[in-house]
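Spelled out from the first residue to the last, the chains are:
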Amino acid sequence: MPSLTLAKITRDNVGAACSIAVEPRQESYVAPVARSLAEAYAQPEIAWPRLILDDGEPVGFVMGGFDPDCPIDYFRCGIWRLNVAAGRQGKGYGRFAVEAVLDEARRRDQRRATVLWIPGEHGPEAFYLRLGFRDTGTVHDGQHVGEIDL
């Protein structure tokens with residue numbers, strides 16, 4: 001998908017990033033982009049927030065987290081958030097974003113990445129499992145921890 005790119009969040013695109021909203025039935029499964037950006041602002045040395053663009057048009061948001069010294073092993077490297085805009089899902093944007101985070105993890109010499117999800121009918125569990133993540137059986141604050149070897 002040569003038209004897909006990631007962009008750092010800047011003052012020029014932060015409004016576009018914050019306007020990305022998932023399908024209403026998915027809102028209870030992922031935090032809004034604005035909250036993710038607030039968390040990124042508070043932890044700039046760890047958070048890796050990016051806008052997903054299709055031919056320059058914002059279609060989603062992804063945030064990786066990289067904290068190799070974190071005492072909780074499943075927070076050392078992984079996907080913190082993935083928001084694909086309502087009406088834009090099913091076009092490969094989520095897969096592209098996950099692969100980009102995993103590529104960044106590899107670039108940082110990481111061997112394992114994680115993702116957490118809230119189980120439920122409209123949650124992202126099946127999506128992450130299709131991409132190769134495995135449910136570890138660990139539950140953190142009601143969220144299942146998935147992992148993938150890099």
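Residues numbered from 1 in each chain as written. Predicted model: local features only at pLDDT ≥ 70, side-chain atom pairs only at ≥ 80, totals over all residues. Heavy atoms only, no water.

Looking at an unreviewed UniProt entry, the chain carries the name GNAT family N-acetyltransferase, with the source organism given as Amycolatopsis thailandensis.

S.K.: Give me the lowdown on the sheet that holds strand 3 (residues 57-66), citing residues and values where you can.
M.R.: The mixed open sheet is built from seven strands, whose spatial order is 1-2-3-4-5-7-6. Lying at the two open borders of the sheet, with one neighbouring strand each, are strand 1 (4-8) and strand 6 (134-140). Mean inter-strand twist for the sheet, computed between neighbouring axes without regard to direction, equals 30°. Direction of pairing for strand 4 (residues 77-84) relative to strand 5 (residues 112-117): parallel, over a ladder of two bridges. Along strand 5, the bridge assignment pairs G78 with T114. The strands touched by helix 2 (residues 33-42) are strand 2 (47-54), strand 3 and strand 4; relative to strand 3, the strand with the most contacts, the crossing angle is about 40°. Against the sheet, helix 3 (residues 93-107) engages strand 1, strand 2, strand 3, strand 4, strand 5 and strand 7 (143-149), with an angle of about 160° to strand 4. (Pairing = 2+ DSSP bridges. Helix = DSSP H or I, 4+ residues; strand = E, 2+ residues; numbered from the N terminus. Axes fitted to C-alpha atoms, helices over the stretch in contact; angles between N-to-C directions. Contact = heavy atoms within 4.5 Å.)

S.K.: How would you explain unusual backbone geometry if you had to name every residue and give the values?
M.R.: One non-glycine residue, D109, lies in positive phi territory at about 65°. Following the sequence through the fold, D109 ends up in the loop between helix 3 and strand 5. Here D141, not a glycine, exhibits a phi torsion of approximately 50°, which is positive. Tracing the backbone through its elements, the reader meets D141 in the loop between strand 6 and strand 7.

S.K.: Tell me about the pairing of strand 6, and name the residues and values.
M.R.: Relative to strand 7, strand 6 is paired through four bridges, and the arrangement is antiparallel. Its bridge partner lying in strand 7, R134 is registered against E147. Linking two consecutive strands that pair antiparallel, namely strand 6 and strand 7, is a turn of two residues; a positive phi of about 50° is found at D141 within it.

S.K.: So what's going on with the pairing of strand 2? Which residues, and what values?
M.R.: Burial within strand 2 is extensive, with eight of its eight residues counted as buried. Bridge analysis of strand 1 against strand 2 gives five bridges, and the strand direction is antiparallel. If you follow L4 over to strand 2, its bridge partner there is D54. As judged from the eight bridges shared by strand 2 and strand 3, these two strands associate in the antiparallel manner. When the sheet's bridge partners are listed, L53 is paired in strand 3 with P58. (Buried < 20%, exposed > 50% of the residue type's maximum accessible area, 1.4 Å probe, protein only.)

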